[in-house]
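Given next are the chains, with one letter for each unit.
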Amino acid sequence: MGLLSIIKKVRDARPSPRRRARPFVRSFVDSPSELARARSQVKAKERELRVLMVGLDNAGKTTIVKRVNGESIDEISPTLGFNIKTMTYGDYSLNVWDVGGQKTLRAYWRNYYEATDGLIWVVDSADSRRMRDCAEALASVLEEEKLAGASVLVFANKRDIRGAMDVDAIADVLGLKRLVNRHWHIVGCSAVTGEGLLDGFDWLVNDCAERIYMLA
Ligand code: GDP
């Protein structure tokens, strides 16, 4: 058998795309519950957001996640590697990667940048001494190409501490007002009292959802 006729035989033996699609469609028609299940799986998947939470150590990342999840915040030890938390927020499921903030670990943050919908940058508003360091760390994260499309929420945390810097001054030091082509928002909050946390998550979820699902 010549080479050409072998190729023709193989091609003819392969189902055409139309023939291949038919059993798939029929199985849904035969089983409407299958169709409903598949639809709801797609919906559930669509309503999942991947959020990366970073910031300097001691900013309050772990406490924020615990507070929003309704867990006790009495005993919190520093994040050494990373915590993955799933939070339900309204209709959305947020997979939050709280990555440790120690300087030696910052190089590893980029391992988690892939497919990030939203970035939460947590700042200790009471730590004015490290605000410049914080600004530099944020600037280097925002340079990452993989995060170019991510919405950025800055939590100016620890508002309950007397003498905490005000939100506008923090936005200035972090250079947020100079950001272009970037959806960002800053919210003053306290992981201890809970103030501001829901406002922040509301903004992030809505901003990500608009970008991902409405414009898709
Ligand atoms: P992380 O390293 O960013 O995960 O920070 P943690 O969540 O471990 O918090 C570091 C310390 O700051 C802990 O002692 C927390 O109890 C405290 N902390 C976190 N958020 C707040 C806050 O909003 N107000 C106050 N007063 N303390 C906070």
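Keep in mind that this is a model prediction, so the values were computed, not measured. Starting afresh in each chain, residues are numbered from 1 along the sequence in its written order. Owing to the predicted nature of the model, reporting of local features is limited to residues with pLDDT of at least 70; listing and counting of side-chain atom pairs is limited to 80 or more, with chain, interface and lining totals taken over all residues. Here the side-chain values reflect all heavy atoms present in the structure, with hydrogen atoms and water set aside.

## Concerning empty space enclosed by the protein
Right, so step 1: In this analysis the probe radius is 1.4 Å and the grid spacing 1 Å, with only protein atoms considered; a cavity is a set of points the probe fits into but cannot get out of, a pocket is an open set with protein on both sides within 12 Å along at least five of seven lines, and lining residues have an atom within 4 Å of a point. Grid points are joined across faces, edges and corners, and a volume is the space filled by probe spheres set on the points. One pass over the full model with this rule turns up one cavity of 30 Å³ or more.
Right, so step 2: Every residue lining the largest cavity is listed: Leu56, Asp57, Ala59, Val123, Asp124, Asp127, Arg130, Met131 and Cys134.
Right, so step 3: Comment: elements are numbered from the N terminus, with helices defined as DSSP H or I runs of at least four residues and strands as E runs of at least two. Looking at the lining of the largest cavity, the elements with two or more residues in it are strand E4 (118–124) and helix H5 (131–142).
Right, so step 4: Note on residue classes: Ala, Val, Leu, Ile, Met, Phe, Trp, Tyr, Cys and Pro are nonpolar, Asp, Glu, Lys and Arg are charged, and everything else, Gly too, is polar. The class makeup of the residues in the lining of the largest cavity is five nonpolar, no polar and four charged.

## Things to note about the packing of aromatic side chains
Right, so step 1: Pairs were defined over the aromatic rings of Phe, Tyr and Trp, the Trp ring being its six-membered one, requiring ring centres within 6.5 Å. Orientation was assigned from the angle between planes: stacked under 30 degrees, edge-to-face over 60, tilted for the rest. Counted under the stated rule, the structure contains four aromatic pairs.
Right, so step 2: Measuring from ring centre to ring centre gives 5.9 Å for tyrosine 89 and phenylalanine 201, while their planes differ by 40°; the resulting arrangement is tilted. In this pair, tyrosine 89 is assigned in strand E2 (residues 82–89) and phenylalanine 201 in helix H7 (residues 197–214), connecting sequence segments 112 residues apart.
Right, so step 3: With a 1.4 Å probe rolled over the protein chains alone, any residue whose accessible area is under 20% of its type maximum counts as buried; one over 50% counts as exposed, and the rest are partly exposed. Given a relative accessible area of 13%, tyrosine 89 falls into the buried group.
Right, so step 4: Seen from their ring centres, tryptophan 97 and tyrosine 112 are 5.3 Å apart, and the 45° between their planes marks the pair as tilted.

## Looking at the site of the ligand
Right, so step 1: Residues are labelled near a given molecule or strand when at least one of their non-hydrogen atoms is within 4 Å of it. The ligand sits among 17 residues. The nearest are Lys61, Thr62, Thr63, Asp160 and Ala191.
Right, so step 2: Pairs of N or O atoms are called polar contacts if they sit within 3.5 Å, as long as, within protein, a hydrogen donor faces a hydrogen acceptor (for residues adjacent in sequence, only side-chain-to-side-chain pairs). Asparagine 157 is positioned such that a nitrogen or oxygen atom in its side chain is 3.1 Å from a nitrogen atom of the ligand.
Right, so step 3: A distance of 2.7 Å is found between a nitrogen atom of the ligand and a side-chain nitrogen or oxygen belonging to aspartate 160.
Right, so step 4: In short, Shrake-Rupley with a 1.4 Å probe defines the accessible areas, and a residue's cover is counted only from the protein chains shown. Burial of the ligand by the protein chains amounts to 80% of its free accessible area of 580 Å².
Right, so step 5: Ranked by residue count, the leading element in the shell around the ligand is helix H4 (residues 61–68), at three residues.

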